Amino acid sequence: MSGTGLDMGPVLSVRGVSVRARKVERPLLDQISIDFAPRSLTALVGPSGCGKSTFVRTLNRMVELTPGLRVGGQVLYLGQDIYARNVNPVLVRRRIGMVFQRPTVFPISIFENAAFGLRLVHESNEEIDRAVAQALQRSGLWEEVKDRLDEPALSLSGGQQQRLCIARALAVRPKVILLDEPTSALDPAATQRVESTMETLKEDFVLILVTHNVGQAARVADRVAFLHSGRLIEVGPTADILERPKEALTEQFITGRFT
Amino acid sequence: MSSPVPDPVRDRQPIPAAAGPSSPVPSAPARAPFARVLSGIVPYLPAAVPAVMLIIIVVALVHASGFTNFGLQFFSLHFDPPVDQWGIAVFLIGSFLVAVPALFFSMLFGVGLAVASTAYLPKLVTQVLDPFVDLLAGIPSVVYGIWAFIIVAPYFGSTVEPTIHAYLGFLPGFSGPTQSGGTGIMLAVFILTLMALPITTLLIRDSLRAVPKDLWESGLALGATRWEVVRRVAIPYARRGIFSAAFLGFGRAFGETVAVAMVLGSATVLPSSVYAIGNTMAAEMFELLDSAYGNSQFLAALSEMAVVLLIISLVVNVVGRRFISRLYKEQVAGL
Amino acid sequence: MAADLSSTANSILFDRSARTVWRIGFDRWIGRLLPLLFLVAIFPILSLVYYISEKAVPTLTWNVITSTSPYGDHLGVAIVGTFELYLFATSLAVLFGLFGGVAVAEFLPESAANWVRTSANLLVGTPSVILGYMGYITFCLYFGWGLTFEAGAVTMAFFMTPYIFRTADLAFTSVPAPIREAALGSGARPSQYILKVGAPIAFPQILTGIFLALAIGVGETAPIVLTTTASVLVPQNLHSPVTVLTALIWENYAQAPSTGLQTIAFQAAFLILVIVLVLNVVVRVISTIYRKRLEGLYQ
Ligand SMILES: Nc1ncnc2c1ncn2[C@@H]1O[C@H](COP(=O)(O)OP(=O)(O)OP(=O)(O)O)[C@@H](O)[C@H]1O
Ligand SMILES: [Mg+2]
């Protein structure tokens, strides 16, 4: 979208990130380094409790909301360390959006949900209307809700709510969208719709998808990263990781899931 | 209404009638012979205690009032026992004049305190500070009263009221002469604010705590500040609890008796300004019961005032409790 | 850095537009200012405790507290009166509240139980002056007891019962369902379950309920003042007049300081404050222990 030479480098570059909890010997994340290129969808897989959520939460400084966690290392967004002293997390989160495991629509109308982020910065009403319509179209929800934008968002089905959450994140025009198990609370049909939404979104955004479902990674991801006990074991193109993993741990995890 | 707060009654599963094939427990009510029906009722009887008590209260008040004075006269401004004038409007209005501003301030501070402890302060600090607010509920009203009358009132009379008069005197209601003693509407509002504050704060705090963590975080993840999440997400989500807080806080302020009787000045006149003295229904009822001894019409008039007060507090409580999802709230007096 | 391509793309991270500065600054200042509101609660408490102690403590000798002589400046009569009246009232309230609460929790069908619970809540929300009127009309006039110890005590029992009722109900309904079902499923009769299984689990919470009701009740003034007559003697029997601490405050707070009666009011206020505070601490201690125990049950 920007049309500059930025497409060359990574959008997000994680350099030796560690997260430690107070009074816990082992770090929750141990020296993680990984780059995220533009227009890519990276799936983060790993056993439960390996630190996937913690990792994506370090990417938009959400991790700081948990008392007692300390972050080390650098997360460079277009070359700028988002943990630098003069960077405000509130602004970081406008560039790096997030979608949660359960749909988290606000108890307001569908339209106001989608417009939430824009209202904060005083955009004009026409701009908000346009951005909301666009975001709802991109999240594949527009056709279903265009006639009922004023209804409460909680009247939508779970899958629709989740796509509304995606639209809400898109509306503020971020570059990166973090998705933490966005389909684990949805039924198969809704899951399928969210997956196809993700596939169209990766044309324009950097998507980082946490999933416990290797099948989902296989369907939508360009690249898979395997996390285990807070360490990044292996990362590579989806086919390579799923079919020809280099590390024994990765293979165990993947075969364990497939059989 | 779903609430993350565990509700023991709703969460409890019904006990299976026949508890498995191995236990030969007869299902008692079905097979009980007629003679045992009576003994079957006995265990249920004590359960009626609160309902019976409520009925006794209503019957006693209605009986004593006999609806002797009810009618348009009863709601007039003219209250003068020696000439058989029993209008309660002065006290009814007086009650609202102190309870409404007290509610306003206790909601304002209540929201502020609840937001501070749920959105801004670390848990450790909250654990130290919140009990102070709860402690306000534990102080007996007569103790508030003596403190307000002896310690606070002179300060109000000498400093607070003249200052407010100097700065806000141009506003209607703030212009009247200040009382040197300091008792009056303003002092009563001050005391009632303190007395309603623990209730409003507790209820608002609880309902803000019930906002799912995911919801806070999704607000922040969209680049909102904490305050924006509070205002646009948490408060709308918690609106029912806040609504309850307003009603129950009002009930507390409206029905308060002794502290008001000590600081409001006990005057049977409509207050002309915020510095003026006046009286409320509860305080008037409390102070005059003595004088009604042997005068059945006086007692009837006071009992009717009690009926009015009871009806208002019942309505306020019924409405206020509609949205409290927990079984009971007990940490604070008057909840 | 300004010439760097990425820093222009990054401009949003360093957005210093008026709007952004305002948003972030506002949030920061709200975060600093709101906690100051705690002073609204803390300052009056400190002032109240300080001034009441200042007026009461210097003259509060052991003799003042213990002497029950009808002559002179002492609180003994009111302390004994308070103790006896609330002992009586609490016993009655425990009797009614406990049986009622257990019956609601264990026997009543849900629909009826909710009606009863609503009545209990409404009683708690009823202004205490109304309770005083009820007591005066019912006990003093209708039953012909007059303004006596018994009328005051029964009225106070009325006042305290709903609090105890609610905790007893709550305590028995929060017995973990598996434990309850195991007991009833293994053939225990309801009464056996209540006494042998439910009561030990519910006991601490009920105890906090009783202390809480006492803490709230002992600070009440209106119901007592309306249903008793003050006395310079300790209560002789149920028909005696009686003075309690709160009534002593009410009667003397507005007396001229020179009479010394105002000091008695402050001493009574100090004592009642201490009593209420101690009861509240007891409630907190028991409920902390109790919470640990209940957590243990669920493990
Ligand atoms: N505040 C904390 N203090 C200490 N340990 C924590 C804290 N938060 C999380 N952990 C631990 O960090 C590890 C990683 O947690 P995380 O939620 O990131 O895992 P996950 O991979 O997302 O798991 P899941 O698949 O179950 O969502 C877990 O073992 C968890 O117990
Ligand atoms: Mg997770």
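The model shown is predicted, which means the values in this text are computed figures rather than measured ones. (Residues numbered from 1 in each chain as written. Chains lettered and ligands numbered in written order. Predicted model: local features only at pLDDT ≥ 70, side-chain atom pairs only at ≥ 80, totals over all residues. Heavy atoms only, no water.)

1. Examining the overall build of chain B
And step 1. Each helix and strand counted, chain B has 14 helices and 2 strands in total.
And step 2. Expressed as a percentage of its 335 residues, the buried residues of chain B come to 55%.
And step 3. Excluding contacts between residues fewer than 6 apart, the proportion of contacts in chain B whose partners are at least 24 apart in sequence is 77%. (Helix = DSSP H or I, 4+ residues; strand = E, 2+ residues; numbered from the N terminus. Buried < 20%, exposed > 50% of the residue type's maximum accessible area, 1.4 Å probe, protein only. Contact = heavy atoms within 4.5 Å.)

2. Quick look at the overall build of chain C
And step 1. A tally of regular secondary structure across chain C gives 13 helices and 0 strands.
And step 2. N-terminal to C-terminal, the α/β element order of chain C is α-α-α-α-α-α-α-α-α-α-α-α-α.
And step 3. Computed over its C-alpha atoms, the radius of gyration of chain C comes to 27 Å, more than 25% above the 19 Å expected for a compact globule of 299 residues.
And step 4. The principal-axis extent of the C-alpha atoms belonging to chain C is close to 95 × 70 × 35 Å.
And step 5. Here chain C holds 299 residues, and the buried ones make up 56% of them.
And step 6. The long-range fraction of contacts in chain C, counting pairs at least 24 apart against all pairs at least 6 apart in sequence, stands at 75%.
And step 7. By element, 69% of the accessible surface of chain C is carried by carbon and sulfur atoms, the whole surface being about 13000 Å². (Rg over C-alpha atoms; globule rule 2.2 N^0.38 Å. Areas by Shrake-Rupley, 256 points an atom, 1.4 Å probe, with all protein chains shown as cover.)

3. A short note on the interface of chain B and chain A
And step 1. With 17 residues of chain B at the interface, the matching set in chain A holds 23 residues.
And step 2. For the pair chain B and chain A, the interface holds 1 salt bridge.
And step 3. Its salt-bridge partner being B:E217, residue A:R57 comes within 2.8 Å of it at the nearest N-O pair.
And step 4. For the interface between chain B and chain A, the tally reads 2 residue pairs in polar contact (both at pLDDT 80 or more).
And step 5. Those elements that place two or more of their residues in the side of chain B that touches chain A are α9 (213-221) and α10 (226-237) of chain B.
And step 6. Among the elements that take part in the side of chain B that touches chain A, α9(B) stands out by supplying 7 residues, more than any other.
And step 7. Of the residues assigned to the side of chain B that touches chain A, the class counts are 8 nonpolar, 4 polar and 5 charged. (Salt bridge = Lys/Arg side-chain N within 4 Å of Asp/Glu carboxyl O. Polar contact = N/O pair within 3.5 Å; in protein donor to acceptor, adjacent residues only side chain to side chain. Nonpolar A, V, L, I, M, F, W, Y, C, P; charged D, E, K, R; others polar.)

4. Here we look at the sheet that holds strand β6 (residues 96-99) of chain A
Residue and element names in this part refer to chain A.
And step 1. In space, the 6 strands of this open sheet follow the order β6-β7-β8-β3-β9-β10, with mixed pairing throughout. Sheet topology places β6 and β10 (231-237) at the edges, where each strand pairs with a single neighbour. Between one strand axis and the next, the sheet turns through 20 degrees on average, direction left out of account.
And step 2. As paired strands, strand β3 (residues 40-45) and strand β8 (residues 206-210) are joined by 5 bridges and run parallel to one another. In the strand pairing of β8, L41 is matched with L207. (Pairing = 2+ DSSP bridges. Axes fitted to C-alpha atoms, helices over the stretch in contact; angles between N-to-C directions.)

5. Notes on the interface of chain B and chain C
Reports often express the size of an interface as the amount of accessible area lost when the parts come together.
And step 1. Across the contact, 88 residues belong to chain B and 92 residues belong to chain C.
And step 2. Where chain B abuts chain C, roughly 8000 Å² becomes buried across the two surfaces, and 78% of that area is made up of carbon and sulfur atoms.
And step 3. Taken together, the links from chain B to chain C amount to 3 salt bridges.
And step 4. At the surface where chain B touches chain C, the tally comes to 8 residue pairs in polar contact (both at pLDDT 80 or more).
And step 5. Take the side of chain B that touches chain C: its biggest share by element is 11 residues, from helix α14 (residues 296-321) of chain B.
And step 6. Residue classes in the side of chain B that touches chain C are distributed as 65 nonpolar, 14 polar and 9 charged. (Buried area = accessible area lost by both parts, 1.4 Å probe.)

6. A closer look at the environment of A:I110
And step 1. Structurally, A:I110 can be placed in helix α3 (residues 110-119).
And step 2. Considering only alpha carbons, one finds A:I110 and A:V176, 66 residues apart in sequence, at a separation of 23 Å.

7. Some points on the site of ligand 1
All names here are of chain A.
And step 1. The environment of ligand 1 is formed by A21, L28, S48, G49, C50, G51, K52, S53, T54, T66, L69 and E181.
And step 2. S53 places a polar side-chain atom, nitrogen or oxygen, 2.6 Å from an oxygen atom of ligand 1.
And step 3. Here an oxygen atom of ligand 1 sits 3.5 Å away from a polar atom, N or O, in the side chain of E181.
And step 4. For ligand 1, the protein covers 61% of the area, taking 640 Å² as the surface of the free molecule.
And step 5. A total of 3 residues in the shell around ligand 1 trace back to one element, the largest contributor, which is helix α1 (residues 52-59).
And step 6. Its residues assigned to classes, the shell around ligand 1 comprises 4 nonpolar, 6 polar and 2 charged. (Near = heavy atom within 4 Å.)

8. Points about the confidence of the model for chain C
Residue and element names in this part refer to chain C.
And step 1. Overall, the prediction assigns chain C a mean pLDDT of 88, with 95% of residues at 70 or greater.
And step 2. This model gives residues 1-5 a pLDDT under 50, and the stretch forms 4 contacts once residues within four places in sequence are excluded.
And step 3. Here the prediction assigns the complex a pTM of 0.89, and the interface score ipTM is 0.91. (pLDDT = per-residue confidence, 0-100.)

9. Quick notes on the packing of α9(B) against α10(B)
Residues and elements named next belong to chain B.
And step 1. Between α9 and α10, whose axes approach to 9 Å, the crossing angle comes to 140 degrees. With respect to α10, the axis of α9 lies oblique. The two elements α9 and α10 cross, and the hand of that crossing is right-handed. For the pair α9 and α10, the contacting residues are L215, W216, G219 and L220 in the first and R226, V229, V230, V233, A234 and Y237 in the second.
And step 2. Its residues placed into classes, the contact of α9 with α10 shows 8 nonpolar, 1 polar and 1 charged. (Parallel < 35°, antiparallel > 145°, perpendicular 65-115°, else oblique. Left-handed = near helix turned anticlockwise from the far one by under 90°.)

10. Things to note about α10(B)
And step 1. Those residues of α10(B) that fall on the buried side of the exposure criterion are B:E228, B:V229, B:V230, B:V233, B:A234 and B:P236.
And step 2. Buried-residue contacts for α10(B) involve α3 of chain A, α5 (89-120), α8 (185-209), α9 and α11 (239-255) of chain B together with α2 (18-33) of chain C.

11. A word on the pattern of salt bridges
And step 1. This model, assessed by the stated rule, comprises 23 salt bridges over all chains.
And step 2. One salt-bridge network, in which partners are shared between bridges, spans B:D130, B:D134, B:R205, B:R209 and C:R284.

12. Side note on the side chain of C:T228
Residues and elements named next belong to chain C.
And step 1. Of note, T228 is situated in the loop between α11 (222-227) and α12 (245-252).
And step 2. The class of T228 is buried, set by a relative accessible area of 8%.
And step 3. Among the polar contacts made by the side chain of T228, one reaches the main-chain carbonyl oxygen of I224 at a distance of 2.7 Å.
And step 4. When near neighbours in sequence (up to four residues on either side) are disregarded, T228 contacts L147, T148, G152 and V242.

13. Considerations on the nonpolar core
And step 1. Counting 226 residues, the largest nonpolar core has A:F55, B:V143, B:I146, B:M281 and C:V129 as its most contacted members.
And step 2. Both domains that furnish three or more residues to this core are identified here as domain 1 (14-57) and domain 2 (62-294) of chain C.
And step 3. When sequence neighbours within four positions are dropped, the list of residues in contact with A:F55 reads A:V14, A:L29, A:I32, A:I34, A:F36, A:L44 and A:L227.
And step 4. Grouped together as the second largest cluster of nonpolar side chains are 50 residues, A:A115, A:L156, A:A169 and A:L201 included. (Core = buried A, V, L, I, M, F, W, Y, C linked by side-chain atoms within 4.5 Å. Domains from an automatic or database assignment.)

14. Points about the pairing of β10(A)
Residues and elements named next belong to chain A.
And step 1. Bridge count between strand β9 (residues 223-228) and β10: 6 bridges; the pairing is antiparallel. Along β10, the bridge assignment pairs L227 with L232.
And step 2. Connecting the antiparallel pair β9 and β10 is a turn made up of 2 residues, with S229 showing a positive phi of about 50 degrees.

15. Remarks on helix α7 (residues 141-168) of chain B
And step 1. Taking 1.5 Å per residue, 28 residues should reach 40 Å; α7(B) reaches only 30 Å between its end C-alpha atoms and comes up short.
And step 2. In the structure, α7(B) departs most strongly from a straight axis at B:F156, where the bend amounts to approximately 50 degrees. (Expected span 1.5 Å × (residues − 1). Bend = angle between axes of the 7 residues up to and from the residue.)

16. Here we look at the side chain of C:T155
And step 1. Here C:T155 shows up in helix α8 (residues 149-173).
And step 2. Contacts of C:T155, omitting those with residues within four sequence positions, involve C:L131, C:G132, C:G135, C:F139, C:P223 and C:T227.

17. What about a nonpolar patch on the surface?
Residue and element names in this part refer to chain C.
And step 1. On the surface, W29, L33, L36, L39 and F43 cluster together into a nonpolar patch covering about 570 Å² of accessible area.
And step 2. Mapped onto the secondary structure, L33 falls in helix α2.
And step 3. The class for L33 is partly exposed, based on a relative accessible area of 46%. (Patch = residues over 30% accessible without salt bridge, like charges linked within 9 Å, V, L, I, M, F, W, Y side chains within 5 Å.)

18. Description of the domain arrangement of chain C
Residue and element names in this part refer to chain C.
And step 1. If you check the domain split of chain C, you get domain 1 (14-57) and domain 2 (62-294).
And step 2. Summarising the inter-unit geometry, the C-alpha centres of domain 1 and domain 2 are found 36 Å apart.
And step 3. The interface of domain 1 with domain 2 comprises 7 residues on the first partner and 6 residues on the second.
And step 4. For the pairing of domain 1 and domain 2, the buried interface totals around 560 Å² over both sides, and the portion due to carbon and sulfur atoms is 84%.
And step 5. It is I52, K55 and A56 in domain 1 that bury the most area against domain 2; as a group they hold 73% of the surface buried on that side.
And step 6. Remark: the boundary between domain 1 and domain 2 carries 0 salt bridges.

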